[in-house]
Amino acid sequence: MNASLKSVQSTTDAERQARIDLAACYRLAAHFGLNEGIDNHLTLMVPGHADRFLLAPFGLHWSEVKASDFMVIGFDGKLLSGPGPVEDTALHIHLPVHRLGPRARCVLHTHMPYATALCMLENPRLEMAVQSALAFHDEIAYDPDYTGLAFDDGEGERLARAIGTKSVLMMAHHGVLVVAETVPVAFSRLYFLERACQAQVLALSTGRSLRLVPEAVVRTTAAQFTAGSKVGGRDRDDLLFAALKRMLDRSQADYAS
Ligand SMILES: [Zn+2]
């Protein structure tokens with residue numbers, strides 16, 4: 001095989017794997033109840049490209065998305081391949097966030113219940129009151145400026161600026177945006193963010209006050225999360241995602257088709 005042919009082949013393989021991982025992400029988000037109807041989007045840059053991303057056609061339930069379903073959308077908003085239809089807020093939120101954030105290879109936007117519940121509060125902060133929250137110390141930006149449905153690129157550009165260098169944006173009166181360089185890292189953040197928010201909402205539902213972890217312990221524990229990100233030489237997020245994909249392989253293997 002000559003070099004250029006090999007390059008094309010490996011690009012194709014990389015896109016195939018990206019499609020499988022993104023389809024798994026949709027299925028898993030549905031499995032854990034992070035979806036809302038057929039709304040919201042999970043998107044991923046096409047491997048080897050800096051100007052196009054994968055998006056599921058609007059109308060599919062997240063529990064039925066397959067690797068072969070994805071459309072490719074260019075940064076000019078044009079449908080490059082796939083069936084459509086393209087939903088407007090996917091273009092106006094995801095496209096600018098991908099375009100303006102080189103780290104944002106994977107962009108997940110959901111209205112997942114517990115994180116969204118916090119976004120409704122006067123003080124929406126995820127408090128450093130439970131171990132799972134400490135992993136998000138210094139990782140969350142808060143956008144207090146709800147402006148209605150995202151029907152123009154200006155809103156996505158505003159959100160991209162609001163998230164800045166953080167990996168999570170809590171959007172007032174709306175939901176969350178999670179960005180990462182890979183699908184496993186993005187999904188792991190989405191999942192554990194919802195779990196931490198769930199713990200906080202449940203704790204607040206008792207009517208008692210939260211007891212915060214001392215700041216010095218928060219900083220130490222956040223560093224421990226970073227230092228312990230690999231187990232047996234493999235990234236924890238990759239191990240989690242691989243385990244969850246095996247769960248899908250047993251019960252709904254068509255996600256990879
Ligand atoms: Zn939304």
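Above this text is the structure in question.
On a predicted model such as this, the values are computed, not experimentally measured, just so you know. (Residues numbered from 1 in each chain as written. Predicted model: local features only at pLDDT ≥ 70, side-chain atom pairs only at ≥ 80, totals over all residues. Heavy atoms only, no water.)

## Looking at the pattern of salt bridges
When their charged atoms lie close together, side chains carrying opposite charge are able to pair.
Moving on, step 1. On inspection of all chains with the given rule, the structure shows 11 salt bridges.
Moving on, step 2. Note that Arg19 and Glu15 form a salt bridge whose closest N and O atoms lie 3.0 Å from each other. In this pair, Arg19 and Glu15 both sit in helix α1 (residues 3-31), 4 residues apart, roughly one turn of the helix.
Moving on, step 3. Relative accessible area serves as the criterion here: at 12%, Arg19 is assigned to the buried category.
Moving on, step 4. A salt bridge links Asp254 to Arg27, with the nearest nitrogen and oxygen atoms 3.2 Å apart. Of the two residues, Asp254 is situated in the segment after α8 (236-251) and Arg27 in helix α1; the sequence distance between them amounts to 227 residues.
Moving on, step 5. Residue class for Arg27 comes out buried when judged on its relative accessible area of 2%. (Salt bridge = Lys/Arg side-chain N within 4 Å of Asp/Glu carboxyl O. Helix = DSSP H or I, 4+ residues; strand = E, 2+ residues; numbered from the N terminus. Buried < 20%, exposed > 50% of the residue type's maximum accessible area, 1.4 Å probe, protein only.)

## Remarks on the coordination of the zinc ion
Moving on, step 1. The zinc ion binds to the protein through His109 (NE2), His111 (NE2) and His174 (NE2), with metal-donor distances spanning 2.0 to 2.1 Å.
Moving on, step 2. Mapped onto the sequence, the donors of the zinc ion take the spacing H-x1-H-x62-H. (Donors = N, O, S within 2.8 Å, 3.2 Å for Na, K, Ca; no water.)

## Side note on unusual backbone geometry
Moving on, step 1. Following Gly84, the chain continues into Pro85 via a peptide bond in cis, with omega recorded as -5°.
Moving on, step 2. With respect to the secondary-structure elements, Pro85 resides in the loop between β4 (79-81) and α2 (88-100).
Moving on, step 3. Its identity as a non-glycine residue notwithstanding, Asn40 has a phi of 75°, on the positive side.
Moving on, step 4. Structurally, Asn40 is set in the loop between α1 and β1 (41-45).

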